[in-house]
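A closer look at the structure
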Amino acid sequence: MNVEFYGAASCVTGSCHILKVNGKTILLDCGMFQGKDEKERGNISFVFNAKDIDFCLLTHAHIDHSGRIPLLYKQGFAGDVICTEATLDLCNVMLQDSGHIQEMEMEWKNRKRERQGLEKIEPIYSAEDAASSMKLFRGYPYGKWIELFKGFKIRFNDAGHLLGSAIIEIVTEENGKETKLVYTGDLGNVNIPIINDPVNIDYADYLIMETTYGDRLHKTTENEFQELYKIIKDTFKRGGNVIIPSFAVGRTQEVIYALNKYVEKDALKDISIYVDSPLASESTAIFKRHEDVFDEEAKKLIASGDDPLAFKGLNFTKSSQESAALNKINSGVVIISASGMCDAGRIKHHLKHNLWRKECSIVFVGYQAEGTLGRRIMSGEKTVKIFGEEIAVNAEIHQLQGLSGHADRLGLLRWLEAFKKIPKEILLVHGDLDASNSFKDLLTSKGYKSRVMDNGDTYDTSGSAHQVKIESKKDRIYKLLDKLGNIDNIDNDEIVNKIKEIL
Ligand SMILES: [Zn+2]
Ligand SMILES: [Zn+2]
């Protein structure tokens, strides 16, 4: 078995690993780079040929894991995308939304290019490409072994990170020898509202493990919702609004679920909450279709007659006119809007109208990747540019880290300690270098063997000992150029400039 790492290795976004087994090529996730990773690596092309991929195993619907599947399809991938049933449903709305965002961004860029006398460029993929790529998706339940071809079977286990998220067990048989690889995808935090805690795994020969918060401990979820309640009360007293930039899928539903409890207790009885994201509205409906994978507490609430994702005062805005109308409200509303890292979508309008007002509050409830608008606001910049305008950061800035959908340092270790037989080696991915290295040190001190993978690394488990071939970034670029032909034959200025920058 051979694993190559092409994304979310020494960084958090763009999850994409390639498994080579018995002559077949299997992709583990096909995510989009975001923030600084996008600037450094771009999303336009793959280092491999899309037509060479036989299967894509998808851990969950987040765009940093699924976002480049439509591009893969556009470039000739015709195999199956294997995922859970809820992931399939969520991808159906999320990928089209992503395609729509690409089209809008490209329209904006092209208007600029036209004024500069440059040729128009195409979006990475359109909403239509995304819709077409859905025909490749196959949804399976948790806990069922699926044989994809002889000597290769997989099983999905609840990762407790997002509705439908999965830890994938992969069992291969090569030359009569069985090997088990486990890929965590994103590993959930314990006690996340609505969804279950991550399932424990018995054993793995090799483990590919995420390390987003490998160097940090979270506060408990319950305290964080208490804090959110307090922020809302205080902000309303000051005459401001509460703006919550939130991932439309997952985090938004968790926040609604938590606020529902306060509304039911009458603590927030006359509150007006606007969920201003068409994607959040659609995915809330999808959540309701998959109540069978909810956790016990949520199931109990539903059985008692309370719909935990609906209450009086909770509004879902649809049209852009309804969204724009929110900008005229000065106080007393909570606006939950996407994107979660503030780089796109309606949230930018709400920040533009509320960020400069000291009576308002901005509450971050999710991870903010380096280089994103969210990260700049969170790290204390005095002004930020939104739609070309400098906006002062005067609002109160809060960060509720305990709401993270990812296990923290201790959560990752506890999950690993539940293994009955420890893996021969743990390959650490999906973390900034500091987080991954810090977690590696913890693992070493506990007697585990691990290594931090970098983009372009190859890990080979065949034979009695593995070999690891590390290629530098420069090597990889030259290899890519080899495939593309001469650099001067590439007819996209942006790509050429990007390559020259790296070289
Ligand atoms: Zn995720
Ligand atoms: Zn992720």
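In this text, all values refer to a predicted model and were calculated from it rather than measured experimentally.

Cut-offs used in this document
Residues numbered from 1 in each chain as written. Chains lettered and ligands numbered in written order. Predicted model: local features only at pLDDT ≥ 70, side-chain atom pairs only at ≥ 80, totals over all residues. Heavy atoms only, no water. Axes fitted to C-alpha atoms, helices over the stretch in contact; angles between N-to-C directions. Helix = DSSP H or I, 4+ residues; strand = E, 2+ residues; numbered from the N terminus. Parallel < 35°, antiparallel > 145°, perpendicular 65-115°, else oblique. Left-handed = near helix turned anticlockwise from the far one by under 90°. Contact = heavy atoms within 4.5 Å. Nonpolar A, V, L, I, M, F, W, Y, C, P; charged D, E, K, R; others polar. Buried < 20%, exposed > 50% of the residue type's maximum accessible area, 1.4 Å probe, protein only. Pairing = 2+ DSSP bridges. Phe/Tyr/Trp six-rings, centres within 6.5 Å; stacked < 30°, edge-to-face > 60°. Lys NZ or Arg CZ within 6 Å of the ring centre and 35° of its normal. Donors = N, O, S within 2.8 Å, 3.2 Å for Na, K, Ca; no water. Tetrahedral: all angles 85-135°; square planar, octahedral: opposite > 155°, others 65-115°. Salt bridge = Lys/Arg side-chain N within 4 Å of Asp/Glu carboxyl O. Expected span 1.5 Å × (residues − 1). Arc of directions from axis to C-beta. Core = buried A, V, L, I, M, F, W, Y, C linked by side-chain atoms within 4.5 Å.

1. Describing the packing of helix 13 (residues 409-417) against helix 14 (residues 433-445)
- Where helix 13 meets helix 14, the closest approach of the two axes is 11 Å, and the angle between their N-to-C directions is 40°. One element, helix 13, and the other, helix 14, form an angle in the oblique class. Crossing of helix 13 against helix 14: the hand is right-handed. Between helix 13 and helix 14, the contacting residues are Arg409, Leu412, Leu413 and Leu416 on the first element and Ser438, Phe439, Leu442 and Leu443 on the second.
- The class makeup of the residues in the contact of helix 13 with helix 14 is six nonpolar, one polar and one charged.

2. Here we look at the pairing of strand 8 (residues 152-158)
- Counting buried residues in strand 8 gives five out of seven residues, a clear majority hidden from the surface.
- One ladder, built from three bridges, connects strand 7 (residues 146-149) with strand 8; its direction is antiparallel. Paired with Glu147 across the bridge in strand 8 is Lys153.
- Taken together, strand 7 and the strand that follows it, strand 8, pair antiparallel across an intervening segment of two residues, in which Gly151 is found at a positive phi of about 80°.
- Sheet analysis places strand 8 next to strand 9 (residues 166-174), joined by seven bridges and oriented antiparallel. The residue bridging Phe152 from the neighbouring strand is Thr172, located in strand 9.

3. What to know about the packing of aromatic side chains
- As enumerated under the stated definition, the model contains eight aromatic pairs in all.
- Look at Tyr206 and Tyr459: their rings are 5.8 Å apart centre to centre, the planes differ by 70°, and that puts the pair in the edge-to-face class. Of the two residues, Tyr206 sits in strand 11 (residues 206-210) while Tyr459 sits in strand 22 (residues 458-460), which places them 253 residues apart along the sequence.
- Residue Tyr206 is classed as buried on the basis of its relative accessible area of 8%.
- Taking the relative accessible area as the measure of exposure, Tyr459 reaches 0% and is therefore buried.
- Here the aromatic residues Tyr6, Phe46 and Phe48 are joined through ring pairs into a cluster of three or more.
- Positioned over the ring face of Phe149 is Lys24, at 5.6 Å from the centre of the ring.

4. What to know about the coordination of the zinc ion (ligand 1)
- The coordination sphere of the zinc ion (ligand 1), as far as protein atoms go, consists of His60 (NE2), His62 (ND1), His161 (NE2) and Asp186 (OD), spread over 2.1 to 2.3 Å.
- Classification of the site at the zinc ion (ligand 1) as irregular follows from its four donor atoms and the range of 91 to 169° in their angles at the metal.
- The metal-metal distance between the zinc ion (ligand 1) and the zinc ion (ligand 2) is 3.5 Å, with Asp186 serving as a donor to both. Taken together, the residues span a long stretch of sequence, with His62 in the loop between strand 4 (55-57) and helix 2 (63-66) and His161 in the loop between strand 8 and strand 9 at a distance of 99 residues. For the pair shown, His62 and His161 are each scored as buried.

5. Some thoughts on the pattern of salt bridges
- With the rule as written, the count across this model stands at 21 salt bridges.
- Here Arg289 ties to Asp89 by a salt bridge, and the two come within 3.5 Å at their closest N and O atoms. One end of the pair, Arg289, is in helix 8 (residues 278-289); the other, Asp89, is in helix 4 (residues 85-115), with 200 residues separating them in the sequence.
- Taking the relative accessible area as the measure of exposure, Asp89 reaches 19% and is therefore buried.
- Its salt-bridge partner being Lys449, residue Glu425 comes within 3.7 Å of it at the nearest N-O pair. Of this pair, Glu425 sits in strand 20 (residues 425-429) while Lys449 is found in the loop between helix 14 and strand 21 (450-452), placing the two residues 24 residues apart along the sequence.

6. Concerning the coordination of the zinc ion (ligand 2)
- Those donors, Asp64 (OD), His65 (NE2), Asp186 (OD) and His430 (NE2), are the protein atoms that reach the zinc ion (ligand 2), and they lie 2.2 to 2.3 Å from it.
- Around the zinc ion (ligand 2) sit four donor atoms, and with donor-metal-donor angles ranging over 89 to 157° the site reads as irregular.
- If you list the donors of the zinc ion (ligand 2) from N- to C-terminus, the spacing comes out as D-H-x120-D-x243-H.
- Owing to a relative accessible area of 1%, Asp186 belongs among the buried residues under this scheme.

7. Quick look at helix 6 (residues 221-238)
- For helix 6, with 18 residues, the first-to-last C-alpha span of 26 Å sits near the 26 Å given by 1.5 Å per residue.
- What helix 6 keeps buried is the set Thr221, Glu224, Phe225, Leu228, Tyr229, Ile231, Ile232 and Thr235. Buried positions in helix 6, seen along its axis, are confined to an arc of 160° and lie on one side of it. Residues of helix 6 that are exposed and angled more than 90 degrees away from the buried face: Glu222, Lys230 and Lys237.
- Residues of helix 6 that are buried in the fold lie against strand 12 (242-245), helix 7 (251-264), strand 15 (333-337), strand 16 (361-364) and strand 19 (396-399).
- A positive phi of about 85° marks Gly239, the residue just after helix 6.

8. Digging into the packing of helix 7 against helix 8
- Following both chains from N to C, one finds helix 7 and helix 8 inclined at 70°, their axes separated by 9 Å at the closest point. Classed by the angle they form, the pair helix 7 and helix 8 counts as roughly perpendicular. For the pair formed by helix 7 and helix 8, the contact residues are Thr252, Gln253 and Ile256 on the first element and Ala280, Ser283, Thr284 and Phe287 on the second.
- Across the contact of helix 7 with helix 8, the residue classes break down as three nonpolar, four polar and no charged.

9. A look at the pairing of strand 18 (residues 389-392)
- Where strand 17 (residues 383-386) meets strand 18, four bridges bridge the pair, whose relative direction is antiparallel. Within the sheet, the bridge partner assigned to Ile386 lies in strand 18 and is Glu389.
- The antiparallel pairing of strand 17 with strand 18 creates a hairpin that spans two residues between the two strands, and Phe387 there sits at a positive phi of about 50°.

10. A look at the nonpolar core
- Leu27, Phe48, Leu90, Phe137, Leu228 and Ile244 are the most contacted members of the largest nonpolar core, which has 74 residues in total.
- Ranked by residues supplied to this core, first place goes to helix 7 with seven residues.
- When neighbours within four sequence positions are excluded, Phe137 is seen to be in contact with Leu58, Ile69, Val81, Cys83, Leu88, Cys91 and Leu95.
- Leu19, Phe149, Phe156 and Ala166 belong to the second-largest nonpolar core, a separate cluster that totals 28 residues.

11. A look at the environment of Gly405
- Tracing the sequence through the fold places Gly405 in the loop between strand 19 and helix 13.
- According to the relative accessible area criterion, Gly405 is buried, its value standing at 6%.
- Here the alpha-carbon distance between Gly405 and Leu71, two residues 334 residues apart in the chain, equals 27 Å.
- Setting aside anything within four residues of it in sequence, one finds Gly405 in contact with Gly160, His161, Leu187, Gly188, Asn189, Ile192 and Arg251.

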